[in-house]
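Fold and geometry: a report
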Amino acid sequence: MKIAVVGATGMVGEVMLKVLAERNFPVTELIPVASEKSVGKEIEFKGNKYRVVNLATAVSMKPQIALFSAGGDTSKEWAPKFAEAGTTVIDNSSAWRMDADKKLVIPEINADVLTKDDKIIANPNCSTIQMLMALAPLHKKYTIKRVVVSTYQSITGTGVKAVQQLENEYTGAQGEMAYPYPIHRNAIPQCDVFEDNGYTKEEMKLVRETKKILGDDTVNVSATAIRIPVVGGHSEAVNIEFVNDFDVNDVRRLLHETPGVTVQDNTDTKTYPMPIYAEGKDDIFVGRIRRDESQPNTLNMWVVADNLRKGAATNTIQIAEYLTANGLV
Ligand SMILES: NC(=O)c1ccc[n+]([C@@H]2O[C@H](COP(=O)([O-])OP(=O)(O)OC[C@H]3O[C@@H](n4cnc5c(N)ncnc54)[C@H](OP(=O)(O)O)[C@@H]3O)[C@@H](O)[C@H]2O)c1
């Protein structure tokens, strides 16, 4: 297959190339795409060298699939042009996620909503993906009423600029700031921009995308998203109130049996998920599973995942795999 990777020189794009190679996705021709400043740059993929092209050239090359991770504005403008040329776009930005005509997909949860007519498909927000991988099986069994989530998000979620900011702060070098404040030795209670209701866009993504992916408007989410000076993955403290009661060991068993979820939960051995161990892995990791003793039918857990893998690149490529396996592309 002819595959375009839009944003191939970025944090997510680079991981996409790695995941495409690792999973042996049937790429016959790779089209790496980035901004004008990167055109002509050489990208290596499975031992072959490819030159970065611009978006217009990529459209004219008519790839079967275009994997987008180049920001919302690029997606808004260019995804329809690819779609018009017959390319199926899988988009990592927030541009199309809440569009009523576009599917928002975590393959393990709702790949069955996809059809041949879907030419622009949205990949959910990284924090939403890892939370829902753990919540979806529990919702099916116990019915979620309300979720209160606090995130501790990796700087890799903000792209190459943020990683550079932290590097500069370590070494004392001057450089461009990705955040409004220093991130080294800090915790910034702002991921993305603020909305009129006082929440950030990142927090509202957790609220809105959850309802859309679970196909259930009754699931209420309250979120606080924090940026911390960590690489390797996002962590989330999740408090879930269910309609029905549960047994904590059944919860552990259910999560253990869920494909894509690894339970790391043993207080005796100090076993729990952490971003330095989640880095580079495709699973999402769940631990600190315990009953909330302050109110009935309520559970606490800690969910960690590499935001660049399952939170972005891996989920995107799983969607592409589903499309090809089911003749939808
Ligand atoms: N990082 C995450 O965990 C994560 C997770 C889920 C979704 N996302 C989304 O994925 C997208 C990329 O994120 P990232 O972290 O990879 O950012 P990044 O490291 O800053 O990379 C951005 C990429 O987009 C390209 N690009 C920027 N403007 C462009 C334009 N006008 N035309 C063509 N290409 C352009 C850049 O090319 P140049 O190198 O030429 O500038 C680069 O390849 C964003 O929409 C982000 O919201 C990120």
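Here the structure is a predicted model, which is why all the values come from computation and not from measurement.

**Here we look at the overall build of the protein chain**
In terms of regular secondary structure, the protein chain is built from 10 helices and 14 strands. In terms of overall dimensions, the protein chain is globule-like: its C-alpha atoms have a radius of gyration of 20 Å, near the 20 Å expected for 329 residues. Along the first, second and third principal axes, the C-alpha set of the protein chain runs to 60 × 50 × 40 Å. Within the protein chain, buried positions represent 52% of all 329 residues. Carbon and sulfur atoms make up 49% of the accessible area of the protein chain, which amounts to about 14,700 Å² in all. Side chains of the protein chain give 37 positive and 42 negative charges; the mean places of these two sets differ by 2 Å.

**Topic: the site of the ligand**
Within the structure, the ligand sits among 26 residues, and Thr 9, Val 12, Ser 35, Ser 38 and Asn 307 are positioned closest to it. Within the backbone of Gly 7, one N or O atom sits 3.2 Å away from an oxygen atom of the ligand. Contact distances for the ligand include 3.0 Å between an oxygen atom and a backbone N or O atom of Gly 10. If the ligand stood free it would expose 900 Å²; the protein chains cover 77% of that surface. When atoms are counted within 2 Å of each cavity's grid points, the one that captures over half of the ligand is the largest pocket. Elements represented by at least two residues in the shell around the ligand include exactly helix 1 (11-22) and helix 10 (309-325).

**Focus on unusual backbone geometry**
Located in the positive-phi region is Lys 46, a residue other than glycine, with phi close to 50°. We note that Arg 185 has phi near 60°; this positive angle belongs to a residue other than glycine. Tracing the sequence through the fold places Arg 185 in the loop between helix 6 (160-171) and helix 7 (201-214).

**Digging into the sheet that holds strand 11 (residues 234-242)**
Here we have six strands laid out as an open sheet, ordered 10-9-11-14-13-12, and mixed in their pairing. Since the sheet does not close on itself, it has two edges, and those belong to strand 10 (220-227) and strand 12 (261-263), each with one partner. Strand after strand, the sheet turns through a mean of 20° between neighbouring axes, direction not considered. Strand direction decides the pairing type here: strand 9 (residues 144-153) and strand 11, joined by eight bridges, are antiparallel. Residue pairing for strand 11: Val 147 is matched across the bridge by Ile 240. Its contacts with the sheet put helix 5 (residues 126-142) on strand 9, strand 10, strand 11, strand 12, strand 13 (284-291) and strand 14 (298-305), and the angle it makes with strand 11 is roughly 25°. Taken strand by strand, helix 8 (residues 248-256) contacts strand 12, strand 13 and strand 14, and its axis lies near 170° from that of strand 13.

**Side note on the pattern of salt bridges**
For the coordinates displayed, the defined rule picks out 19 salt bridges. Salt-bridge contacts for Glu 176 lead to Lys 161; the nearest nitrogen and oxygen are separated by 3.2 Å. In this pair, Glu 176 is assigned in the loop between helix 6 and helix 7 and Lys 161 in helix 6, connecting sequence segments 15 residues apart. The class for Glu 176 is exposed, based on a relative accessible area of 53%. Close ionic contact of Asp 265 with Arg 252 constitutes a salt bridge, the shortest N to O distance being 2.6 Å. Of this pair, Asp 265 sits in the loop between strand 12 and helix 9 (275-278) while Arg 252 sits in helix 8, and the two are 13 residues apart along the sequence. Given a relative accessible area of 24%, Arg 252 falls into the partly exposed group. Ionic contacts of the salt-bridge type, sharing partners, join the residues Glu 22, Arg 23, Asp 282, Arg 309 and Glu 321 into one network.

**Some remarks on helix 7**
Between its first and last C-alpha atoms helix 7 spans 20 Å; for 14 residues at 1.5 Å apiece the expected length is 20 Å, and the two agree. Taking burial as the measure, the 14 residues of helix 7 include 11 buried ones, the bulk of the element. Among the residues making up helix 7, those that are buried are Glu 202, Glu 203, Met 204, Lys 205, Leu 206, Val 207, Glu 209, Thr 210, Lys 211, Ile 213 and Leu 214. Close packing links the buried residues of helix 7 with strand 7 (103-104), helix 4 (107-110), helix 5, strand 9, strand 10 and strand 11. A positive phi of about 65° marks Gly 215, the residue just after helix 7.

**Some points on the packing of helix 5 against helix 10**
A pair of packed helices is captured by two measures, namely the crossing angle of their axes and the spacing between those axes. Look at helix 5 against helix 10: their axes get within 8 Å of each other, and the N-to-C directions meet at 90°. The orientation of helix 5 relative to helix 10 falls into the category roughly perpendicular. Judged by residue contacts, Cys 126, Ile 129 and Met 133 of helix 5 engage Lys 310, Gly 311 and Asn 315 from helix 10.

Calculation rules
Counting restarts for each chain, with residues numbered from 1 along the sequence as it is written. Per-residue local features are limited, in this predicted model, to residues with pLDDT of at least 70; the limit for side-chain atom pairs, both in listing and counting, is 80 or more; totals at the level of whole chains, interfaces and linings are taken over all residues. Note that water and hydrogens are dropped before the side-chain values are worked out from all heavy atoms of the structure. Here a helix means four or more residues in a row that DSSP labels H or I, a strand means two or more in a row labelled E, and each is numbered from the N terminus. Here the radius of gyration uses the C-alpha set of atoms, whereas the globule reference equals 2.2 Å times the residue count to the power 0.38. Using a 1.4 Å probe on the protein chains alone, a residue whose accessible area is under 20% of its type maximum counts as buried, one over 50% counts as exposed, and one in between counts as partly exposed. Per-residue accessibility takes into account occlusion by the displayed protein chains alone, with areas from the Shrake-Rupley method and a 1.4 Å probe. Two residue types count as positive, namely Lys and Arg, and two as negative, namely Asp and Glu; His and chain ends fall outside the count. Where a charge lies is defined by one atom per residue type: Lys uses NZ, Arg uses CZ, Asp uses CG and Glu uses CD. The criterion for a residue being near a molecule or strand is simple. One of its heavy atoms has to lie within 4 Å of it. Any pair of nitrogen or oxygen atoms within 3.5 Å is treated as a polar contact; in protein, a donor-acceptor pairing is required on top of that, and neighbouring residues in sequence qualify only through side-chain atoms on both sides. Every definition here rests on a 1 Å grid over the protein atoms only: cavities are sets of points where a 1.4 Å probe fits but cannot get out, pockets are open sets enclosed by protein on both sides within 12 Å along at least five of seven lines, and lining residues have some atom within 4 Å of a point. More than half of a molecule's atoms lying within 2 Å of a cavity's or pocket's grid points is what places that molecule inside it. Two strands form a pair only when DSSP identifies at least two bridges running between them. Throughout, an axis means a line fitted to C-alpha atoms (over the contacting stretch in the case of helices), and angles, computed between N-to-C directions, take values from 0 to 180 degrees. Should any heavy atoms of two residues lie within 4.5 Å, those residues are considered in contact. One side-chain nitrogen of Lys or Arg within 4 Å of one carboxyl oxygen of Asp or Glu is enough to make a salt bridge. One fewer than the residue count of a helix, multiplied by 1.5 Å, yields its expected span. Oblique is the label for any angle not covered by the other classes, which are roughly parallel (under 35 degrees), roughly antiparallel (over 145) and roughly perpendicular (65 to 115).

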